[in-house]
Amino acid sequence: METIKVKIGRTIIGGGQPVAVQSMLDCSTMDTAACVEQIGRLREAGCRIVRLAVQGVREAENLANIRAAAWDAGYGDVALVADVHFAPKAALAAAEHADKVRINPGNFGGAGADFMELIEKCRQHGVALRIGVNHGSLSPHVVERWGDTPRGMVESAMEYLRVCRKQGFDQVVVSMKSSNVRVMVHAYRLLAATMRVEWMRYPLHLGVTEAGDGVEGRVRSAVGIGTLLGEGLGDTIRVSLTEPPENEIAPALALVAYFKMRRGRSKPCGIYEYRRRETTPVGNIGGGRTPLLYSELDSEARSGIRKGRIAMLSPDEFNKADPPVRPVVLYKKYVRTSPEMLPIKAAADFGAAFVDGLADGIRIEKRDTPQSELDAIALMILQAARARMSHTEYIACPGCGRTRYDLQGALAEVRRRTSHLGGGLRIAVMGCIVNGPGEMADADYGYVGEGAGRVTIYRGREVVLRGVPQSEAADVLLEVIEADARVQNGVTPTVANDAQ
Ligand code: SF4
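Not measured: the values here are computed from a predicted model.

### Things to note about the overall build of the protein
In terms of regular secondary structure, the protein is built from 16 helices and 19 strands. For 500 residues, the compact-globule estimate of 2.2 N^0.38 gives 23 Å, and the protein sits close to it at 23 Å. Once the C-alpha set of the protein is aligned to its principal axes, its extents read approximately 70 × 55 × 45 Å. Split into buried and exposed, the 500 residues of the protein put 60% on the buried side. Here the analysis covers contacts within the protein between residues at least 6 apart in sequence; of these, 66% occur between residues at least 24 apart.

### Topic: the site of the ligand
Residues in contact with the ligand, as listed here, are Cys397, Gly399, Cys400, Arg402, Thr403, Met430, Gly431, Cys432, Asn435, Gly436 and Glu439. Grouping the amino acids of the shell around the ligand by side-chain chemistry returns four nonpolar, five polar and two charged.

### Looking at unusual backbone geometry
You will see that phenylalanine 86, though not glycine, has its phi angle at about 60°, which is positive. Here phenylalanine 86 is to be found in the loop between β5 (79–84) and α3 (88–94). Not every positive phi belongs to a glycine, and arginine 386 is a case in point at roughly 60°. Residue placement: arginine 386 occurs in the loop between α13 (371–384) and β15 (393–396). Residue classification places arginine 386 among the buried positions, given a relative accessible area of 11%.

### Points about the packing of aromatic side chains
Here the structure, examined in full by the defined rule, presents five aromatic pairs. Taking 6.0 Å as the distance between ring centres and 80° as the angle between the ring planes, the aromatic pair formed by phenylalanine 108 and phenylalanine 115 counts as edge-to-face. Residue phenylalanine 108 shares its accessibility class with phenylalanine 115, and that shared class is buried. Over the face of the ring belonging to tyrosine 274 we find arginine 182, whose NZ or CZ atom lies 3.4 Å from the ring centre.

### What about the environment of arginine 182?
Tracing the sequence through the fold places arginine 182 in helix α7 (residues 181–197). With relative accessibility at 17%, the residue arginine 182 sits in the buried group. In the structure, arginine 182 is positioned 202 residues away from alanine 384 in sequence and 8.4 Å away in space, judged by C-alpha atoms. Apart from the residues within four sequence positions on either side, arginine 182 is in contact with Tyr274, Val355, Ala385, Arg386 and Ala387.

### Quick notes on the pairing of strand β17 (residues 445–451)
Counted residue by residue, β17 has six buried out of seven residues, so it is predominantly covered. Direction of pairing for strand β16 (residues 426–430) relative to β17: parallel, over a ladder of four bridges. Note on β17: the bridge partner recorded for isoleucine 427 is tyrosine 445. With antiparallel pairing between neighbouring strands as the criterion, β17 and strand β18 (residues 454–459) make up a hairpin whose turn holds two residues, including alanine 452 at a positive phi of roughly 50°.

### Points about the sheet that holds strand β14 (residues 361–365)
Spatially, β11-β14-β13-β12 is the arrangement adopted by the four strands of the open sheet, whose pairing is parallel. Each edge of the open sheet is held by one strand with a lone partner, namely β11 (292–293) and β12 (311–313). Direction of pairing for β11 relative to β14: parallel, over a ladder of two bridges. Of the residues in β14, the one forming a bridge with leucine 293 is isoleucine 362. Along the sheet face, α13 touches β11 and β14 and points at about 135° away from the line of β14.

### Concerning the sheet that holds β16
Strand order across the open sheet formed by five strands is β15-β16-β17-β18-β19, with mixed pairing between neighbours. Of all strands in the sheet, those with a lone pairing partner are β15 and β19 (462–469), marking the two edges. Taken over all neighbouring pairs, the strand axes of this sheet differ in orientation by 20° on average, direction set aside. With six bridges joining them, β17 and β18 adopt antiparallel strand pairing. Looking at β18, one finds that tyrosine 445 is bridged to arginine 459. Across the sheet, helix α16 (residues 470–488) touches β16, β17, β18 and β19, and the angle it forms with β19 is around 150°.

### Structural notes on the nonpolar core
In this structure, Phe115, Leu118, Val174, Met176, Ile237 and Ile364 are the most contacted members of the largest nonpolar core, which totals 117 residues. One finds Ile395, Ala396, Ile457 and Tyr458 within the second-largest nonpolar core, a separate group that totals 30 residues.

### Remarks on the packing of helix α14 (residues 407–418) against α16
Running from N to C, α14 and α16 point in directions that differ by 35°, and their axes come no closer than 10 Å. Of the two elements, α14 crosses α16, and the hand of that crossing is right-handed. Between α14 and α16, the residues in contact are Ala410, Glu413, Val414, Arg417 and Thr418 and Gln470, Ala474, Asp475, Leu477, Leu478 and Ile481, respectively. A breakdown of the residues in the contact of α14 with α16 according to their chemical character gives six nonpolar, two polar and three charged.

Conventions used here
Residues numbered from 1 in each chain as written. Predicted model: local features only at pLDDT ≥ 70, side-chain atom pairs only at ≥ 80, totals over all residues. Heavy atoms only, no water. Helix = DSSP H or I, 4+ residues; strand = E, 2+ residues; numbered from the N terminus. Rg over C-alpha atoms; globule rule 2.2 N^0.38 Å. Buried < 20%, exposed > 50% of the residue type's maximum accessible area, 1.4 Å probe, protein only. Contact = heavy atoms within 4.5 Å. Near = heavy atom within 4 Å. Nonpolar A, V, L, I, M, F, W, Y, C, P; charged D, E, K, R; others polar. Phe/Tyr/Trp six-rings, centres within 6.5 Å; stacked < 30°, edge-to-face > 60°. Lys NZ or Arg CZ within 6 Å of the ring centre and 35° of its normal. Pairing = 2+ DSSP bridges. Axes fitted to C-alpha atoms, helices over the stretch in contact; angles between N-to-C directions. Core = buried A, V, L, I, M, F, W, Y, C linked by side-chain atoms within 4.5 Å. Left-handed = near helix turned anticlockwise from the far one by under 90°.

Pasting the structure below:
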């Protein structure tokens, strides 16, 4: 998609510039030394745009100290972005010190007088704006009219973009993030189409929120971001991980490099909602059934491949052509790909077809890697695309200056206590009580840090217990899940009374 250039510090994004990678600090914005140290680590890893949590005017004003100290340390080429929620005054103050201000339309308070004042301040100081929509925190009037859908996310941004255009302010970037990759992909596509209709060409910032950590977090980001980059959408990306911020840069750079070669190889996609492609079943595959690994095909399906009743296609072949009416197994053989890059490349290659419900089976091949490991990556891709839930899914935010506890340790502990629970369950582990509950989206259970070593446990959007000491919280969460399972199975609960 053709976009205009937006200047963020010394980096230009959009207008045909290389896709820029960015990250976010996870230390307090009041701790200048810690911020500068993290900026240095991110810069070393290859990042030139960093975001900082700005909760209030105090944090906004400290950006001036961080900027000065970063400059003294030789990091003057790293752009600083203020991340503001619920605080128009903090956004105004941040526009005096940051290179870009991110606001969330879901909690800015409307595209009225405060927003126009912010636009003027940004114009005056040569600062860019990001209209950063989050699926989990749409404003009530948007949800009432459009639901928490991709259309709702797009309309939420368009309200603000129309004001920017009316005010003649074009230094604007837009994002449509969700932890649900399917929703995220459809929202960005719909945004691009809606902007085209209204002759807008603002650059897109791509990201999957609360992607978690490890291989799974990388796969989830690569399915979402890779699908869109492959269609020519996206000017800057963030791979959010619940890990030290600098760990986000290598997978982000890898995705950018991969799509530099592949850009435009997929067709621009006009699919804005999920619909499973209907095919004639052959053996245990097709007919709209849950996608399978190649190793799970029954003998009839395998003979169907030999007889041409099932198509075996590479993702590239599949993306270029119209899907056949037969079931399709996507396969690709990787040769010189490193073990770190394999899940990222495979997720970027295979993800789109499963996000859109078009493919029926998957086979990843690599001679020096056991098939069980390759199948595990394939299952992660299917789960990231929400095509098949085979294991417990962890929706975890990356943490930021709002986090007041050991988030990475908490995620590891929650995973240790709950990973045996099996497919279909989504557990959120979130860094703060301000944005965490909204942003954990469609998780079945939530573990949200309150600060001061305490945790709130959620069942869906309902608070089950507040003030649980962190040392006990993973056990309490497990008890709640197990008690719910007993209720579902018709057994008298033992924890439900505590959980009132
Ligand atoms: S949910 Fe996580 S990333 Fe989002 S604001 Fe809170 S701590 Fe920061």
